[in-house]
Amino acid sequence: YSFGRHFSWDARDSFPGGEHVPDPSRSYIDTLRRHGGTSEAFKREFVHGIIFEPDAYERVVRAMLEETKRCTVLTNTTFQAVEVESGRVRAIVMTNGRRVLAGAYVDSTGGGALCKASGCAMMLGRDGRERFGEPSASENPTTLLNGVTLIFRVTPTDEEDIERLPEGIPAMCWWQGHFPPISASRYPNGDYNCNMLPTMEGKECLELGHEKAYAECRRRVLAEWHYIQDDFPEFRRYRLSWVAPALGIRESTRVLGEYVLTEHDLRAGLSGQQHADIVTIADHSVDRHGSSSSAWEMKEPYGVPYRCLIPLGFHNLLIACRGASFSSLAASSCRLSRTMIQLGQAAGIAAAVATDAGVDVAAAPAELLRAALRAEHVQLEWPLSEDLRAYLQDA
């Protein structure tokens, strides 16, 4: 996609936020850059992305897992207990009654639930400036968390109408002074995927718990959609067709790892970092949503070291999700889905590399891991190498 309308560039009443529109003139390579500028002209020329279709994504992932003939997929299942001894996970007990033993475990639960249950040191909230020496951090630590979103989808229709609000839901915004803007990505079939920025404060979500927070966010989605239809007549020819089954949580608990990614890494970029174990690169802006929002763009991509995936003091446990070893400020940048997917790939390949080398995953040799990632066409440098560029263009 490319940028369409945006309330910062066009008249404030032209669109309820920012719009992404399908752009067949662009290719996947065009989506790999975010850094370098903030102007409208720069973003229209250089900043593009992938239109995410959840059902299509699920089908592709399931097909990839089945193709391996080595993956067991369990849905509606999690762990209910973990057995730990001397920095090693010995087994996990699943909610289906199974006891699972493995040489390596990867926690991709979002907030590091397995790591937390295993006794790993955890972090929560915004770090004070002294903890990691980050110049952009607040002077003192706070309990604030990045905002939460409940995604919804609207579908075009031939009839013009404003959908009625259910009884008990006010037409006026009750959780802040005004309705939040949306980031709306238009699908090729004409639907919009709508992302309220944000739907709820992260701290409020944590305090309510997922079930109550989801119910409240759904009420806010209905009020937001009513406001959009009321104030932006073009949306009267759309109908609310889908609300995501789970909250989009940008930040929760984080693991203290062998290395903590901080603002210093983001500012230094690849040209200034001195890590021999970088397993993915990212360049999204520092991006905090909520009552104390902030944002700034990267000057160049930065790398995430493999040590951010290794909980401090553990040998056979990795974390590959937004709960990895990041400062709160760094997490607001590298939390994006693409980066998390790459961390998952790095963790999986690390388990294979460690097995082949006869060592724990925490001791997987960095040079072998990076070589294996490059063999899988993972981007570890910027600009793109000629080999990777040629591969992506062919793909």
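All values reported here derive from a predicted model rather than from experimental measurement.

So, how was this worked out
- Residues numbered from 1 in each chain as written.
- Predicted model: local features only at pLDDT ≥ 70, side-chain atom pairs only at ≥ 80, totals over all residues.
- Heavy atoms only, no water.
- Helix = DSSP H or I, 4+ residues; strand = E, 2+ residues; numbered from the N terminus.
- Buried < 20%, exposed > 50% of the residue type's maximum accessible area, 1.4 Å probe, protein only.
- Contact = heavy atoms within 4.5 Å.
- Polar contact = N/O pair within 3.5 Å; in protein donor to acceptor, adjacent residues only side chain to side chain.
- Pairing = 2+ DSSP bridges.
- Axes fitted to C-alpha atoms, helices over the stretch in contact; angles between N-to-C directions.
- Salt bridge = Lys/Arg side-chain N within 4 Å of Asp/Glu carboxyl O.

**Q** Could you clarify how one ought to interpret unusual backbone geometry in this entry?
**A** If a residue is not glycine, its phi is most likely negative; likewise, a peptide bond is most likely trans. The residue after Leu 197, namely Pro 198, is reached through a cis peptide bond having omega -15°. Along the chain, the position of Pro 198 falls in the loop between strand E11 (192-196) and helix H5 (202-208). With an omega of 0°, the peptide bond between Trp 382 and Pro 383 qualifies as cis. Along the polypeptide, Pro 383 turns up in the loop between helix H10 (366-375) and helix H11 (386-394). Its identity as a non-glycine residue notwithstanding, Lys 69 has a phi of 60°, on the positive side. By secondary structure assignment, the location of Lys 69 is in the loop between helix H2 (54-68) and strand E3 (79-85). Given the relative accessible area of 74%, Lys 69 is considered exposed.

**Q** Would you mind showing me how to read the environment of Thr 142 here?
**A** When you line up the elements, Thr 142 lands in the loop between helix H4 (129-132) and strand E8 (148-149). Considering only alpha carbons, one finds Thr 142 and Arg 322, 180 residues apart in sequence, at a separation of 19 Å. Dropping the residues within four chain positions of it, Thr 142 is found in contact with Gly 125 and Arg 126. Polar contacts involving the side chain of Thr 142 include one to the main-chain amide nitrogen of Leu 144, which spans 3.3 Å.

**Q** Looking at this structure, I do not really get the sheet that holds E11. What am I missing?
**A** In a beta sheet, neighbouring strands pair by backbone hydrogen bonds and run either parallel or antiparallel. Read across the sheet, six strands follow the order E1-E2-E10-E11-E9-E12 without closing on themselves; strand pairing throughout is mixed. The open sheet has two free edges, formed respectively by strand E1 (2-6) and strand E12 (238-243), since each of these has just one partner strand. Ignoring which end each strand starts from, the neighbouring axes of this sheet average 25° apart. With five bridges joining them, strand E9 (residues 152-156) and E12 adopt antiparallel strand pairing. Bridge assignment links Pro 156 to a residue of E12, and that residue is Tyr 238. Most of the contacts of helix H6 (residues 210-231) go to E12, to which it runs at about 165°, and overall it touches E9, strand E10 (182-186), E11 and E12.

**Q** Is there a simple way to explain the sheet that holds strand E5 (residues 99-100) in this structure?
**A** With respect to topology, three strands assemble into an open sheet ordered E3-E4-E5, the strand pairing being antiparallel. The open sheet is flanked by E3 and E5, the only strands paired with a single partner.

**Q** Mind showing me how you'd approach the pattern of salt bridges here?
**A** A side chain with one charge can pair with a side chain of the opposite charge if their charged atoms come near. Counted under the stated rule, the structure contains 25 salt bridges. Measuring nitrogen to oxygen at the nearest pair gives 3.8 Å for the salt bridge that ties Glu 45 to Arg 26. Highlighted residues: Glu 45 in helix H1 (residues 40-46) and Arg 26 in the loop between strand E2 (17-21) and H1, separated in sequence by 19 residues. Classification of Glu 45 as partly exposed rests on a relative accessible area of 41%.

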